[in-house]
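Here's the letter readout for the chains.
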Amino acid sequence: MPLRRRIRRRFVIPAAVIVLALLMAFNWSALINLKLPADSRPAEVTFPVITPASEDEFEALATSLPADGVKYDHVDRFREAGIRTYEGPATCLQCHSELTYHTAAGDTVTTDLMDNLTGSAHYRFFTTEHPNVYGFNGELADDFPMGKLNRPCPKPGSFAMTAWAELVVTAEGDTLSEGCGQCHIGGQYQAPLGEIMPLYQTQASEEDAIDCLICHATAYDMNRKQVVRDDNGRMRWDQDRSLRAALSVTTPTAEACLRCHQHNFGGDIYVDEAGPEYMQSMTNLGQQRPRVSHPGSKRGTPYSPTWDVHAAAGITCIECHATQGHLMAKGTHTTTMMANDLPQVEVSCLQCHDDPPHDDSSEHGQALNSHLARIACQTCHIPSLHEDNVTRRDFGNTVFEEEPGIHIYDDSVKESAPGKGIAYVWWNGDGTFLGNPIGDNPNGAGLYSFYDAEHRWPEFADFDYEGWYEEVMRPIARAGRPSKLYAMKRFNGRQHIDLQNMGPFGGMFVPYNLPTYYRTGQPQTAARVEMEKSMMGMMYGLLFKYYMMDKFMSYMAIDGWNTDSFVDVHAGRQIEPRWLPTDAMLEISHAIRLDGALDCADCHGPQSVLDWQQLGYTPEEIADLNQAR
């Protein structure tokens, strides 16, 4: 080794250690938070102190828990330990400072519970591993923080970093709760922004504000999940920290998961009469400051007894979505839900069902089983979407809702039928940065393309999408896993775009200020008002540019993040509502049904729900397929 290199290594390594030690001495995480705007930093949150229950009150609460056959073992634990009030995570950690889980490989791991929890997608709102998400530049979007923390949310088109907890005052004087924080397990005044920075350690004030019970308590009262303004003037989402809720702690049930995931928060205003407990977010909106109800289901696939055979059978979410402590598997296939704690762990129908799943003793069963190599189970077993499913959402145009008296986005198209709201695509489990399923016709004919730029933007009228697809995307599709035919929910949204930060596949969304949007119905004004938020100024600053935004934009095939556009966007200039050039396709895997499932005639024949030509078949092959009954 040359002498100069040895000397450089000898001094660089100790210097790095010294710098790291200094950062730790000065509390690196606190320094990160100091870089955030003052209104976006974590702080001590004082939750209302609930007077300890007397012995009689304790026993009355214990006997009032839902009689659903669940054994509430925390009643005995609290009784014996003398716990008569619940004080958040501090109460839980008295017994649960560590947790033990088994990995997919069968290894047993014991770890610090809080480290496991604060490292999860449910807390961080992002993950860094995305082994199946590709940018339009052809690069794998891996080793990059991505999730709801830094991607737009359709509620309406907002960012978690700005629209965390808002109070919306209607023209009639009613006050409503709104914001991204309602489906987050933290209880801070802002999203956990520090977590996105390297070496960040979750602060004690952030840990103390975590809402353990929203997942673990069967008797959690969703009416308490509403925005409050504290004495310091800052707003946050309240929690149910009652002793009754704490006594009802169990392993998370499906009903508990669905407080957020089959939710009113982003759509799905449907309540199943056969199981209203699955829709607690709709039946308990909050009493003083109700949460805003959002019509227009994001996926149109309710998980409830009427709509899903698994819900009707009482199957819980974590029976399919394997966990490692608080880390949860979402499966290896995704187009839109980028955050995935365990991206290598599969979630599949065949984990429970026989392979092959149909009765092989009958000719019909044999025919169905023969399709499994090319067709995914849910393609036939999700025969329709809920009627409130939204296909086209126009954020740039609003309509007024008499109840509750606010302006909302215009869901201009709602389709639920197969071949309309449900699209059928070849998919290998990979997805683009904007939610397009990557795949190819297994015949390899080269006729299939998932990207057609139907809503081509005038600035890119001459862009060669076909040439780009052949050069960039088809090789990725063919190099991946074998493609199958999947049913997917079609969606496109029209939202304001920063016209100085855009490319041929889309551009940076300009978020809307929720109180302004709902009160005035003026999206352009709401976009301008939201730019006043301190975090928008930081997002357009140099720190965000070099740490995150240049990379973010590269995945959209845009050359760098233009911070200079901030002045125009802040003034409401150079922004315009646009549809995404090509529809997103959202993965769907719930609302599984036996009755009404698609059968041979639904696909093979003149009224086929499939567009065989779009799927890459020649006229001769289509004629054969239509006769194959």
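Parameters and conventions
Residues numbered from 1 in each chain as written. Predicted model: local features only at pLDDT ≥ 70, side-chain atom pairs only at ≥ 80, totals over all residues. Heavy atoms only, no water. Phe/Tyr/Trp six-rings, centres within 6.5 Å; stacked < 30°, edge-to-face > 60°. Helix = DSSP H or I, 4+ residues; strand = E, 2+ residues; numbered from the N terminus. Buried < 20%, exposed > 50% of the residue type's maximum accessible area, 1.4 Å probe, protein only. Lys NZ or Arg CZ within 6 Å of the ring centre and 35° of its normal. Contact = heavy atoms within 4.5 Å. Pairing = 2+ DSSP bridges. Core = buried A, V, L, I, M, F, W, Y, C linked by side-chain atoms within 4.5 Å.

1. Observations concerning the packing of aromatic side chains
Two aromatic rings, taken as a pair, are described by how far apart their centres are and by the angle between their planes. If you walk through the whole model with that rule in mind, you get 27 aromatic pairs. When the ring of Tyr451 is compared with that of Trp468, the centres are 5.4 Å apart and the planes differ by 70°; the resulting orientation is edge-to-face. Placement of Tyr451 in the loop between strand S14 (437-438) and helix H16 (465-479) and of Trp468 in helix H16 is noted, with a sequence separation of 17 residues between them. Ring centres of Phe463 and Tyr465 lie 4.7 Å apart, and the angle between their planes is 65°; on these two criteria the pair is classed as edge-to-face. Residue classification places Phe463 among the partly exposed positions, given a relative accessible area of 28%. Note on Tyr465: relative accessible area 4%, which makes it buried. Ring-pair connections join several aromatic residues into one group, and the members of that group are Phe136, Phe450, Tyr451, Phe463, Tyr465, Trp468, Tyr469 and Phe505. The positively charged end of Arg84 is found above the aromatic ring belonging to Phe58, 4.2 Å away from the centroid. Above the face of the Phe47 ring, Arg241 is positioned so that its terminal group lies 3.7 Å from the ring centre.

2. Things to note about helix H11 (residues 254-261)
At 3.6 residues per turn, the α-helix brings residues three or four places apart onto the same side. In terms of burial, H11 is a largely internal element, six of the eight residues being buried. Among all positions of H11, only Ala254, Ala256, Cys257, Leu258, Arg259 and Cys260 are buried. Buried residues along H11 sit in contact with helix H9 (213-216) and helix H12 (280-283).

3. Here we look at the pairing of strand S4 (residues 166-169)
Bridging between S4 and strand S5 (residues 175-178) involves four bridges; their strand directions are antiparallel. The partner of Val168 across the bridge, within S5, is Leu176. Count of turn residues in the S4/S5 antiparallel hairpin: five residues, of which Gly173 carries a positive phi of about 95°.

4. Points about unusual backbone geometry
In most cases, non-glycine residues show a negative phi, while peptide bonds are predominantly trans. A cis amide bond links Asp355 to the next residue, Pro356, at an omega of 5°. Relative to the elements of secondary structure, Pro356 occurs in the loop between strand S9 (327-328) and helix H14 (363-370). The linkage connecting Glu403 with the following residue, Pro404, adopts the cis geometry, with an omega of 20°. Assignment of secondary structure puts Pro404 in the loop between strand S10 (392-401) and strand S11 (406-413).

5. Observations concerning the nonpolar core
If you look at soluble globular proteins, the nonpolar side chains tend to sit buried side by side. Among the nonpolar cores identified, the biggest contains 106 residues, and Tyr451 and Met539 are the most heavily contacted of them. The contact partners of Met539, leaving out residues within four places of it in the chain, are Phe159, Met161, Met508, Phe544, Met549 and Trp561. Among the nonpolar cores identified, the runner-up in size contains 27 residues, and Ala62, Val75, Tyr123 and Cys260 belong to it.

These figures come from the coordinates and say nothing about function on their own.
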